[in-house]
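Structural overview
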Amino acid sequence: MNQDKSPSAADPIVCLEKVNKFFGDLHVLKDIDLKVSPGEVVVIVGASGSGKSTLIRCINGLEEFQQGHIEVDGNELLPHGKAGQALQKIRTEVGMVFQQFNLFPHLSVLDNVSLAPMKVRGWSRADAIETAERLLERVGISDQAAKHPGQLSGGQQQRVALARALAMEPRLMLFDEPTSALDPEMIGEVLDAMRELAREGMTMMIVTHEMGFAREVADRVIFIHQGEIAEEGPPEEVLDRPRNKPTQQFLSRVLKH
Amino acid sequence: MDVTFQFDWQAAFASIPFLLEGIPYTLLISFGGLAIGFLIGILFGLLRISPFAWLRIPAVAYIEIFRGTPVLVQVLFIFYGLPQLLGGPINALVAGIAAIAVNSGAYISEIVRGGVQSIERGQREAGLSLGLSRRQTFRYIIWPQALRRMIPALGNQGIISIKDTSLFSVIGVGELVRQGQVYIATTFNALEVYLMVALLYLAITLSLSFALRQLERRGLVGQ
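Labelled according to an unreviewed UniProt entry, chain B appears under the name Putative glutamine transport system permease protein GlnP, originating from Halomonas daqiaonensis. Under the heading Function (unreviewed entry), UniProt records this for chain B: "Part of the binding-protein-dependent transport system for glutamine; probably responsible for the translocation of the substrate across the membrane." According to its UniProt record, chain B has this under Sequence similarities (unreviewed entry): "Belongs to the binding-protein-dependent transport system permease family. HisMQ subfamily."

Chain A has the name Amino acid ABC transporter ATP-binding protein, PAAT family (TC 3.A.1.3.-) in an unreviewed UniProt entry, where Halomonas daqiaonensis is given as its organism. Among the UniProt annotations of chain A, the heading Subcellular location (unreviewed entry) holds the following wording: "Cell inner membrane". The record held by UniProt for chain A lists under Sequence similarities (unreviewed entry) the comment "Belongs to the ABC transporter superfamily."

Laid out in structure tokens, this is it:
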């Protein structure tokens, strides 16, 4: 996929070039080159601490990087957080779902979802509420709209978080281990909602340990090892016939249990 | 033991109307000072956690100075000291309010800092990731949550400051203690009158505790 230089290929919506990031002396991301096409679902796997979360957090500027360059939908991020207006633009166009949901506990479910469209996009309250209700219905929690996040189960909270991100009508969705904090019986409902989103053609970058899900929805799987892209390709290649040692070791560990 | 002293209930009750005249001053100094102190606390509490040292250092200096010196010394300095600088007298009521303001402001700065810093990092990240500006994230996400967590500590500070105003009898403001002293000077019922003074303070602080508990209870819904 990343060798595909033909002009007929759609312009990438995300483009990382030689991105390097350090936490002090620790080299967290090493020369990351990555392009994601519109509509593509990219699943990023790797051991904890390999840099996979850091990678997607660089894309919406929650982490700064020190070298290289990132372009998201024509907006350019530069090293050391020098972006200004571009960063704001990117965050408006890129949604994110977090491992810990990060819903706003002081706001109702409906207000969680309608806040950003009103404050960032300048929608009227009526429009924002209407969209919020439609999205909550879509993720199957319209009957909980008046409740506060603390009154919902983890699975419900994560689906609200998904609706909240979608309310901004993002062009790209980032998922940072969206099911890792969930009880096992709630993982399915969140994956279902994500599966449906993928089917509708959303561009998605997903950090996850759910290999079955990766195999099913991913157009491309990227395996990150010690801050580098160690292997990438279609899921059946990377997950079933991994070529290099770290990938094989990682997969044998996660698939065993 | 020769117990001849009788608690004179009549004298105690008789002092109440005179003591009540001090209550408006006590309340005005307390709540006027606290209101200004709250604004100071928000400002300096936020400066205190600024990423810029040139904003942080003055805030730290202010907090340490006004937290580390007695409020009695502060009010004496304002009432007797500052006029020498300014060349004119300062109204005792104004001096009292100012002393409570700068003193409680220092403590409230720390309460604000602690409240804001207690909000999980993920809240800020979620706000920013939705495209909210840093200012919007603070205003709609961080601050409302921080404020709720600050209520118990703010209540504490309110009660402390109300009691601190009792020291301001030294600058002659006709607040509760001052009224008591004046009354005792003519009737010599120290036991009865100071007991009444104490009960009136208790009435004020208990009302505040009660009001804050209601506020907290309402604030907790949905957390």
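Okay, back to it.
Some points on the interface of chain B and chain A
At the interface, 20 residues of chain B touch 23 residues of chain A. Between chain B and chain A lies a buried interface of about 1900 Å² when both sides are counted; carbon and sulfur atoms form 60% of it. Linking chain B with chain A are one salt bridge. Put simply, A:Arg57 and B:Glu125 hold a salt bridge, and the shortest N to O gap is 2.7 Å. Seen at the junction of chain B and chain A, the total is seven residue pairs in polar contact (both at pLDDT 80 or more). Here the side of chain B that touches chain A gets eight residues from one element, more than from any other, and that element is helix α6 (residues 121–129) of chain B. Of the residues belonging to the side of chain B that touches chain A, the class tally is seven nonpolar, 10 polar and three charged.

A few points about the pairing of strand β9 (residues 220–225) of chain A
Residues and elements named next belong to chain A. Of all six residues that make up β9, five are buried, and the element is covered over most of its length. Taken together, the four bridges between strand β3 (residues 41–45) and β9 define a ladder with parallel strand orientation. Paired with Ile44 across the bridge in β9 is Ile222. Of the pairings in the sheet, the one linking β9 to strand β10 (residues 228–233) comprises five bridges and is antiparallel in character. Each residue of the ladder has a partner; that of His225, found in β10, is Glu228. Hairpin remark: β9 followed by β10, antiparallel, with two residues in the connecting loop; positive phi at Gln226, about 45°.

Quick notes on the pairing of β3(A)
By the criterion of burial, β3(A) is predominantly enclosed, with five of the five residues buried. Side chains A:Val41, A:Val43 and A:Val45 of β3(A) all project onto a buried face; the interleaved residues A:Val42 and A:Ile44 project onto the opposite face, where all are buried too.

Details of the pattern of salt bridges
By the definition in use, this model includes 22 salt bridges over all chains. For A:Glu93, the salt bridge goes to A:Arg121, with nearest N and O atoms at 3.9 Å. Taken together, the residues A:Glu93 in helix α2 (residues 85–93) and A:Arg121 in the loop between α3 (109–119) and α4 (125–138) connect sequence positions 28 residues apart. Where salt bridges share partners, they join A:Lys21, A:Arg57, A:Glu63, B:Arg121 and B:Glu125 into one cluster.

Concerning the environment of B:Ser161
Mapped onto the elements of the fold, B:Ser161 is located in helix α7 (residues 134–164). Excluding its chain neighbours within four sequence positions, the residues that come into contact with B:Ser161 are B:Leu34, B:Ile100 and B:Ser104.

Here we look at the nonpolar core
Ranked by size, the top nonpolar core spans 51 residues in total, and within it A:Leu16, A:Ile44, A:Leu172 and A:Met205 carry the most contacts. The element that contributes the greatest number of residues to this core is α7(B), accounting for seven residues. Discounting chain neighbours no more than four positions away, the residues touching A:Leu16 are A:Ile32, A:Asp33, A:Leu34, A:Leu55, A:Ile59, A:His69 and A:Ile70. One finds A:Val113, A:Ala132, A:Val139 and A:Leu251 within the second-largest nonpolar core, a separate group that totals 50 residues.

As for the UniProt feature "transmembrane region" (unreviewed entry) in chain B
All names here are of chain B. The positions that UniProt labels "transmembrane region" (unreviewed entry) are, in the present scheme, residues 25–47, 59–82, 88–108 and 193–212. Across residues 25–47, the secondary structure splits into 100% helix and 0% strand, with the terminal C-alpha atoms separated by 32 Å. Between the first and last C-alpha atoms of residues 59–82 the distance is 22 Å; the span itself is 88% helix and 0% strand.

With respect to the packing of α3(A) against α4(A)
Residues and elements named next belong to chain A. At a minimum axis separation of 8 Å, α3 and α4 run at an interaxial angle of 130°. Considered as vectors, α3 and α4 are oriented oblique to each other. Like other packed secondary-structure pairs, α3 and α4 cross with a definite hand, here right-handed. Residue-level inspection shows Val109, Leu110, Asp111, Val113, Ser114, Pro117 and Met118 of α3 in contact with α4, the latter providing Arg125, Ala128, Ile129, Ala132, Glu133 and Leu136. Taken together, the residues that form the contact of α3 with α4 break down as nine nonpolar, one polar and three charged.

Here's the deal with the packing of aromatic side chains
Residue and element names in this part refer to chain B. Taken as a whole and judged by the stated rule, the model has nine aromatic pairs over all chains. Arranged with centres 5.7 Å apart and planes meeting at 35°, the rings of Phe18 and Tyr183 form a pair that is tilted. In this pair, Phe18 sits in helix α1 (residues 9–20) while Tyr183 sits in helix α8 (residues 176–187), placing the two residues 165 residues apart along the sequence. On the basis of relative accessible area, Phe18 is assigned to the partly exposed category, the value being 25%. Overall, the relative accessible area of 16% leaves Tyr183 in the buried class.

Brief notes about helix α3 (residues 53–67) of chain B
Residues and elements named next belong to chain B. The end-to-end C-alpha separation of α3 is 20 Å, in line with the 21 Å expected for 15 residues at 1.5 Å each. Of the residues making up α3, those classed as buried are Ala59, Tyr62 and Ile63. Down the axis of α3, the buried set is contained in an arc of 95°. They therefore lie on one face. Those residues of α3 that are exposed and aimed more than 90 degrees away from the buried face are Trp54 and Ile57. Considering only its buried residues, α3 is in contact with α2 (23–48) and α5 (92–117).

Describing a nonpolar patch on the surface
Residue and element names in this part refer to chain B. A surface patch of nonpolar side chains, amounting to about 350 Å² of accessible area, comprises Leu195, Leu199, Leu202 and Leu206. With respect to the helices and strands, Leu202 occurs in helix α9 (residues 190–220). Given the relative accessible area of 45%, Leu202 is considered partly exposed.

Conventions used here
- Residues numbered from 1 in each chain as written.
- Chains lettered and ligands numbered in written order.
- Predicted model: local features only at pLDDT ≥ 70, side-chain atom pairs only at ≥ 80, totals over all residues.
- Heavy atoms only, no water.
- UniProt positions renumbered as here; feature names shortened; annotations may be inferred.
- Contact = heavy atoms within 4.5 Å.
- Buried area = accessible area lost by both parts, 1.4 Å probe.
- Salt bridge = Lys/Arg side-chain N within 4 Å of Asp/Glu carboxyl O.
- Polar contact = N/O pair within 3.5 Å; in protein donor to acceptor, adjacent residues only side chain to side chain.
- Helix = DSSP H or I, 4+ residues; strand = E, 2+ residues; numbered from the N terminus.
- Nonpolar A, V, L, I, M, F, W, Y, C, P; charged D, E, K, R; others polar.
- Buried < 20%, exposed > 50% of the residue type's maximum accessible area, 1.4 Å probe, protein only.
- Pairing = 2+ DSSP bridges.
- Core = buried A, V, L, I, M, F, W, Y, C linked by side-chain atoms within 4.5 Å.
- Axes fitted to C-alpha atoms, helices over the stretch in contact; angles between N-to-C directions.
- Parallel < 35°, antiparallel > 145°, perpendicular 65-115°, else oblique.
- Left-handed = near helix turned anticlockwise from the far one by under 90°.
- Phe/Tyr/Trp six-rings, centres within 6.5 Å; stacked < 30°, edge-to-face > 60°.
- Expected span 1.5 Å × (residues − 1).
- Arc of directions from axis to C-beta.
- Patch = residues over 30% accessible without salt bridge, like charges linked within 9 Å, V, L, I, M, F, W, Y side chains within 5 Å.
- Areas by Shrake-Rupley, 256 points an atom, 1.4 Å probe, with all protein chains shown as cover.

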